[in-house]
Amino acid sequence: MFIQTEPTPNPTTLKFLPGRQVLDIGTADFPTEAAATSSPLAKRIFAVGGVAGVFFGHDFITVTKADGREWDHVKPAVLGAIMEHFQSGEPVIAGERTASAHAEHNGEDGAIVEQIKELLDTRVRPAVAQDGGDITFHGFDRGIVYLHMQGACAGCPSSTLTLKMGIENLLRHYIPEVLEVRPVAA
């Protein structure tokens, strides 16, 4: 098994490409070791030490290293953990799971929210996945769109620029009711 790695815009996060499907649908975010209880693969990666977060996409895994740790020490152990997991035959996530998705929105702005979600799904999320992350809709209130950033996007130094100059401009261009975009924590 050959696993490729790619840098992401976030210097503390690397994208690992195992050359096979990781998840059949959606994404899965494990921002802490405690959140990884349902995933044998995420638990194995956290066991390496020096890992602060794990995120799964369709065909990639992004790993965020802990502060003060160097990729030269963490990367080989993560590669070994991923290889060991896929050779074990264990599932990536144990039990039933639902795809990560946009938050539900009930209210008078339903048509606007549907447009926001459509633009996120068709224009934003595919580009963000290339960088090893995901962005989902969290809420809309009085012209402000709240988005949840995951994987390489969470904590990325360029995420504010991406939100303001990229996503906010895109949404404002197509949806005049959108005034601003803000990130939210999980």
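As shown above, the structure is provided for reference.
Definitions and cut-offs
Residues numbered from 1 in each chain as written. Predicted model: local features only at pLDDT ≥ 70, side-chain atom pairs only at ≥ 80, totals over all residues. Heavy atoms only, no water. Buried < 20%, exposed > 50% of the residue type's maximum accessible area, 1.4 Å probe, protein only. Helix = DSSP H or I, 4+ residues; strand = E, 2+ residues; numbered from the N terminus. Pairing = 2+ DSSP bridges. Contact = heavy atoms within 4.5 Å. Axes fitted to C-alpha atoms, helices over the stretch in contact; angles between N-to-C directions. Phe/Tyr/Trp six-rings, centres within 6.5 Å; stacked < 30°, edge-to-face > 60°.

S.K.: Mind showing me how you'd approach the pairing of strand S7 (residues 144-151) here?
M.R.: Within a regular strand, the side chains alternate between the two sheet faces. Counting buried residues in S7 gives seven out of eight residues, a clear majority hidden from the surface. As judged from the eight bridges shared by strand S6 (residues 133-141) and S7, these two strands associate in the antiparallel manner. Pairing of Gly-139 across the sheet is with Tyr-146, part of S7. The turn linking S6 back onto S7 is made up of two residues, and Arg-142 within it adopts a positive phi angle of 50 degrees. With five bridges joining them, S7 and strand S8 (residues 180-184) adopt parallel strand pairing. The partner of Ile-144 across the bridge, within S8, is Glu-180.

S.K.: Would you mind showing me how to read the side chain of Gln-150 here?
M.R.: The topology assignment puts Gln-150 in strand S7. Accessibility expressed as a relative area gives 7% for Gln-150, which makes it buried. Apart from residues no more than four positions distant in its own chain, Gln-150 is found in contact with Thr-27, Asp-29, Phe-55, Gly-133, Asp-134 and Thr-136.

S.K.: Would you mind showing me how to read the sheet that holds S6 here?
M.R.: Backbone hydrogen bonds are what pair the strands of a sheet, in a parallel or an antiparallel way. The strand order S6-S7-S8 describes an open sheet built from three strands, whose pairing is mixed. The open sheet is flanked by S6 and S8, the only strands paired with a single partner. In this sheet, adjacent strand axes meet at a mean angle of 30 degrees when their direction is disregarded. Each of S6 and S7 touches helix H3 (residues 110-130); the most contacted strand, S6, lies at about 160 degrees to it.

S.K.: What should I look at first to understand the sheet that holds strand S5 (residues 61-65) in this one?
M.R.: What the five strands build is an open sheet, ordered S1-S2-S5-S4-S3; its pairing is antiparallel. The outermost strands of the open sheet, each flanked by one partner alone, are strand S1 (4-7) and strand S3 (28-30). Pairwise comparison of adjacent strand axes, ignoring direction, gives a mean angle of 20 degrees for this sheet. In the sheet, strand S4 (residues 51-56) pairs with S5 via five bridges, with the strands oriented antiparallel. From the neighbouring strand, Val-54 faces S5, where its bridge partner is Val-63.

S.K.: What should I look at first to understand the packing of aromatic side chains in this one?
M.R.: Per the counting criterion, the structure on display carries two aromatic pairs. Plain terms: the ring middles of Phe-30 and Phe-56 are 5.3 Å apart, the flat faces sit at 65 degrees to each other, and that makes the pair edge-to-face. Separated by 26 residues along the polypeptide, Phe-30 in strand S3 and Phe-56 in strand S4 bring together distant segments of the chain. For the residue pair Phe-30 and Phe-56, the accessibility class agrees, reading buried in each case.

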